[in-house]
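Below, each chain spelled out in residue letters.
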Amino acid sequence: RIAAIDTSTGLASSWNPNANDVIRTFALHSASSTLYVGGDFTSIGGLTRNRTAALNTGTGSSTSWNPDADNIVRTLVINASATTVYAGGNFGTIGGLARTMVAALNTSTGSSTAWNTGSSGGDYVSTLVLNSTSSILYAGGSFLTMGDQTRINIAAFNTASGSPPTAWNPNPDSAGAVNALTISSDDATIYAGGNVTSIGVLNRNLLA
């Protein structure tokens, strides 16, 4: 379920963390030779790790970093200073604290930080993207509220304050999840994909 592939030959290297279940997301911090991974697994890199882990990119072994999520981790993104990994998924607890669908994890300790979206309901967050210029974290998935605000399947949070979400609200139709987000190089545009037919006040089938 996880491998390192040579970009020239297409062959797998000896690196082999050997996860026991699905891998869904990566966040790479090359300066520290650390690959943060999330998914459905409960064992990876030779250790028990529930749904999220940090792997040494040289050895494939799990580090001591262990947020111990209680449900699937679907998406991870690391901030520019590499102090925080933001996680999204189906979880209700992660990093030792109650955090529903979204959490900020300390890259050294694996503990959830004080940052909290305040969310208590919804199905899952499937994608996160970070605007490094404005320190805004965008989240997509299947949910109807974030914090105490109505946000249908897409929301934005200030990484300094957390809850409540910002006023940014594309308000897609509620029929389908937002499954993919990416941001332009100038941080001016978010591209969103999923099972939607309208978003941002206009008809847009699946992509906007």
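Residues numbered from 1 in each chain as written. Predicted model: local features only at pLDDT ≥ 70, side-chain atom pairs only at ≥ 80, totals over all residues. Heavy atoms only, no water.

### Remarks on the overall build of the protein
- A tally of regular secondary structure across the protein gives zero helices and 19 strands.
- Compactness check: the protein gives a C-alpha radius of gyration of 17 Å against a globular reference of 17 Å for 208 residues, within 12% of the reference.
- Based on the C-alpha atoms only, the size of the protein along its principal axes is roughly 50 × 40 × 30 Å.
- Buried residues in the protein amount to 49% of all 208 residues.
- Partitioning the intrachain contacts of the protein with sequence separation of at least 6 by distance along the chain shows that 32% fall at a separation of at least 24.
- On the protein, roughly 9500 Å² of surface is accessible, and the fraction owed to carbon and sulfur atoms is 47%. (Helix = DSSP H or I, 4+ residues; strand = E, 2+ residues; numbered from the N terminus. Rg over C-alpha atoms; globule rule 2.2 N^0.38 Å. Buried < 20%, exposed > 50% of the residue type's maximum accessible area, 1.4 Å probe, protein only. Contact = heavy atoms within 4.5 Å. Areas by Shrake-Rupley, 256 points an atom, 1.4 Å probe, with all protein chains shown as cover.)

### Focus: the sheet that holds strand 1 (residues 23-29)
- Taken in spatial order, the three strands make up an open sheet running 1-2-5, and their pairing is antiparallel. Where the open sheet ends on each side, the last strands, each with one partner, are strand 1 and strand 5 (52-56). If you compare each strand with its neighbour and ignore which way they point, the axes differ by 25° on average.
- In this structure, strand 1 lies alongside strand 2 (residues 34-39), joined through six bridges in antiparallel fashion. Across the sheet, residue Ile23 finds its bridge partner in strand 2, namely Gly39. (Pairing = 2+ DSSP bridges. Axes fitted to C-alpha atoms, helices over the stretch in contact; angles between N-to-C directions.)

### Things to note about the sheet that holds strand 15 (residues 154-158)
- Reading across the sheet, the three strands line up as 11-12-15 and stay open at both edges, with antiparallel pairing between neighbours. Strand pairing shows two members of the sheet lacking a second neighbour, strand 11 (124-131) and strand 15, which therefore form its edges. Neighbour-to-neighbour, the strand axes of the sheet open up by a mean angle of 25°, direction not taken into account.

So far we have only geometry, and geometry alone does not tell us how the molecule works.
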